[in-house]
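# Residue-level structural notes
Letter by letter, the chains look like this.
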Amino acid sequence: MLGSALVECCAANHVVCAASRRQGLSLPGVEWTLFDLTETAAVKRWLSASRPDVVIHNAAMVSVDGCEREPHAAAWLHSEVVNLLAEETRRNNASLVYISTDSVFNGRAAAPYGEDAEPHPLNVYATTKHAGEQATLAEGGLVLRTNIFGWSPTPRLSFAEWVLKGLVSGERLTMFTDVHYTPIHVHHLAGLLLEALQLSLRGVFHAGGSTVLSKHAFALRLAQAFGLDPAPIVATSIDAGGLVAERPKNMALSTTRLATALGHVLPDVDQGIARFKWEYDSGWLARLKQGTPGPGYRFWEAHA
Ligand SMILES: NC(=O)c1ccc[n+]([C@@H]2O[C@H](COP(=O)([O-])OP(=O)(O)OC[C@H]3O[C@@H](n4cnc5c(N)ncnc54)[C@H](OP(=O)(O)O)[C@@H]3O)[C@@H](O)[C@H]2O)c1
């Protein structure tokens, strides 16, 4: 999801060598190489062939419960591979950027987390992402902690798409009222990342949106923006159970440090949802999903 937004934003002014296990957003000037980041030889081959000025490590196992089941794979992808990337960035004097998560905190603080707050990861996903941060910082890199929303280029639905699908189909959507976060639209985050690179920022920055809200409130705002009946949204607590890995309740990030460095406030959730809606209305989504270009693409039919 974020990878495709990064590819699109970067391709406007840079040569982009994108790597993943399957083809993402296809654009002129973007060269995709498909391999598994767990294959050391393939990673080395790709790095020495592309000789990047900037490496952005964005790939992740985003299923928190999946990471509990496969902790070694999570540790490799989120942390060990950073050392491999760093070998090359060091050699070429290139910059290293690591996309991290608000989940590195245990969520017990009352206020949004600043960059100086001590991480206390609660699960394998968060522990391995925190280890990846440490490896990046040891190389003098840039770590952006975030929580994102947008359209996924793959058949796997993003959280926002899953909410929309439930609203359209009338499936019951249990939404947590006690999990608070600061989501940012993927294209907004990609733009901030480019600004941060232009300013040669290094260290940890919180790159969330400027609105703190619950998952439940986010779902209601999506329903309102798309003119959908919010009736399927049912308020619940994360304590109601059903999740394998423990998760934080307060995931909100204070973005003051990044806003100060960039000299402007970060986008709020309504700006992000407006962009998300525009991507649907304008036909951008259809191109992302590689369907028929032009307005009228119905994501919920495609994912029925
Ligand atoms: N989604 C969120 O709400 C959220 C919140 C906080 C932080 N983040 C961070 O933001 C970043 C982007 O997340 P996202 O939601 O955009 O994730 P995503 O849509 O799941 O994309 C992750 C990408 O990583 C690729 N990948 C996974 N394992 C790989 C491997 N072994 N080798 C090569 N590629 C591999 C996936 O390829 P396949 O399609 O083949 O699996 C996928 O293209 C991640 O670093 C994540 O930790 C996300």
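Located above this text is the structure these notes cover.
Below, the structure is looked at part by part.

On to the overall build of the chain. The secondary structure content of the chain amounts to twelve helices and twelve strands. Compactness check: the chain gives a C-alpha radius of gyration of 19 Å against a globular reference of 19 Å for 304 residues, within 12% of the reference. When the backbone C-alpha atoms are referred to their principal axes, the chain occupies close to 55 × 45 × 40 Å. Expressed as a percentage of the 304 residues in the chain, the buried residues total 41%. A separation threshold of at least 6 residues defines the contact pool for the chain, and within that pool the share at least 24 residues apart is 74%.

A word on the sheet that holds strand E10 (residues 203–206). Taking strand neighbours across the sheet as the criterion, the four strands line up as E3-E4-E5-E10 in an open arrangement whose pairing is parallel. Looking at which strands have only one partner, the edges of the open sheet turn out to be strand E3 (54–57) and E10. Averaged over all pairs of adjacent strands, the angle between their axes in this sheet comes to 20 degrees, without regard to strand direction. Both E3 and strand E4 (residues 95–101) contribute to a ladder of four bridges, which runs parallel. Paired with Val-55 across the strands is Leu-96, a residue of E4. Relative to the sheet, helix H5 (residues 124–138) contacts E4, strand E5 (142–146) and E10, its axis offset from that of E4 by approximately 160 degrees. Its contacts with the sheet place helix H7 (residues 186–198) against E3, E4, E5 and E10, and it is angled at close to 155 degrees to E5.

On to helix H10 (residues 269–281). The terminal C-alpha atoms of H10, which comprises 13 residues, lie 18 Å apart, in line with the 18 Å expected from a rise of 1.5 Å per residue. Buried residues belonging to H10 abut strand E6 (148–149), helix H6 (159–169), strand E9 (184–185), H7, strand E11 (213–214) and helix H8 (215–225). Directly beyond the C-terminal end of H10, a positive phi value near 95 degrees is found at Gly-283.

Okay, the site of the ligand next. Neighbouring the ligand are 23 residues; Met-1, Arg-21, Leu-37, Ala-59 and Ala-60 lie closest to it. Secondary-structure elements contributing two or more residues to the shell around the ligand are helix H1 (2–11) and E4.

Two numbers describe how H1 lies on H7: the axes approach to 9 Å, and their chain directions differ by 50 degrees. With respect to each other, H1 and H7 are oriented oblique. Between H1 and H7 the crossing geometry is right-handed. Contacts between H1 and H7 involve Leu-2, Ala-5, Leu-6, Cys-9 and Cys-10 from the first element and Val-186, His-187, Leu-189, Ala-190, Gly-191, Leu-193 and Leu-194 from the second. In terms of residue class, the contact of H1 with H7 is built from ten nonpolar, two polar and no charged.

The terminal C-alpha atoms of H7, which comprises 13 residues, lie 19 Å apart, in line with the 18 Å expected from a rise of 1.5 Å per residue. Val-186, His-187, His-188, Leu-189, Ala-190, Leu-192, Leu-193 and Ala-196 are the residues of H7 that are buried. Ser-200 occupies a position one or two residues after H7 and carries a positive phi of about 55 degrees.

The next thing to look at is unusual backbone geometry. A positive phi angle is found at Arg-51, which is not glycine, with a value near 40 degrees. Note that Arg-51 resides in the loop between helix H2 (40–50) and E3. Look at Arg-51 and you get exposed, because 11 C-beta atoms sit within 10 Å. Although it is not a glycine, Ser-200 adopts a positive phi angle of roughly 55 degrees. Locating Ser-200 in the fold gives a position in the loop between H7 and E10.

Moving on to the packing of helix H4 (residues 71–92) against H5. The geometry of H4 relative to H5 is characterised by a closest axis approach of 9 Å and an angle of 10 degrees between their N-to-C directions. It follows that H4 is roughly parallel to H5 by the angle criterion. Note on element contacts: H5 touches H4 through Val-124, Tyr-125, Thr-128, Lys-129, Ala-131, Gly-132, Ala-135 and Thr-136, opposite Pro-71, Ala-74, Ala-75, His-78, Ser-79, Val-82, Asn-83 and Ala-86. Taken together, the residues that form the contact of H4 with H5 break down as nine nonpolar, six polar and one charged.

Our next topic: the environment of Ala-49. Take Ala-49: it is sitting in helix H2. Judged by C-beta crowding, with 10 C-beta atoms within 10 Å, Ala-49 ranks as exposed. On a C-alpha basis, the gap between Ala-49 and Cys-17 in space is 9.8 Å, while along the polypeptide they are 32 residues apart.

With that out of the way, let us pick up the environment of Ser-214. Position of Ser-214 relative to the elements: it lies in strand E11. Among the residues examined, Ser-214 registers 17 C-beta atoms within 10 Å and is labelled partly exposed. With 102 residues separating them along the chain, Ser-214 and Pro-112 place their C-alpha atoms 13 Å apart. Ser-214 has contacts with Phe-176, Thr-177, Asp-178, Val-179 and His-180, leaving out every residue within four places of it along the chain.

Definitions and cut-offs
All residue numbers here refer to positions counted from 1 along the written sequence of the relevant chain. Reporting in this predicted model follows two pLDDT cut-offs: at least 70 for local features of residues, and 80 or more for side-chain atom pairs to be given and counted; totals over whole chains, interfaces and linings ignore these cut-offs and use all residues. Runs of H or I in DSSP of at least four residues are treated as helices and runs of E of at least two as strands, each being numbered from the N terminus. Our radius of gyration looks at C-alpha atoms and nothing else; its globule reference is 2.2 Å times the residue count to the power 0.38. To assign burial, the other C-beta atoms lying within 10 Å of each residue's own C-beta are counted, with C-beta atoms placed from the backbone; 20 or more indicates buried, 12 or fewer indicates exposed, and intermediate counts indicate partly exposed. Any residue pair is listed as a contact if its two C-beta atoms, each placed from the backbone, are within 7 Å. Think of it this way: DSSP has to see at least two bridges between two strands before they count as a pair. Convention adopted: a line fitted to C-alpha atoms gives each axis, helices being fitted over their contacting stretch, and angles between N-to-C directions are expressed from 0 to 180 degrees. Expected span of a helix: the number of residues minus one, times 1.5 Å. Nearness here has a simple definition: the residue's C-beta atom, placed using the backbone, must lie within 6 Å of the molecule or strand. Here is the rule for angles: anything less than 35 degrees is roughly parallel, anything more than 145 is roughly antiparallel, 65 through 115 is roughly perpendicular, and the remaining ranges are oblique. Each crossing gets its handedness from the near helix: less than a right angle anticlockwise from the far helix is left-handed, clockwise is right-handed. By the convention adopted, Pro, Cys, Tyr, Trp, Phe, Met, Ile, Leu, Val and Ala count as nonpolar, Lys, Arg, Asp and Glu as charged, and the other residues, Gly among them, as polar.

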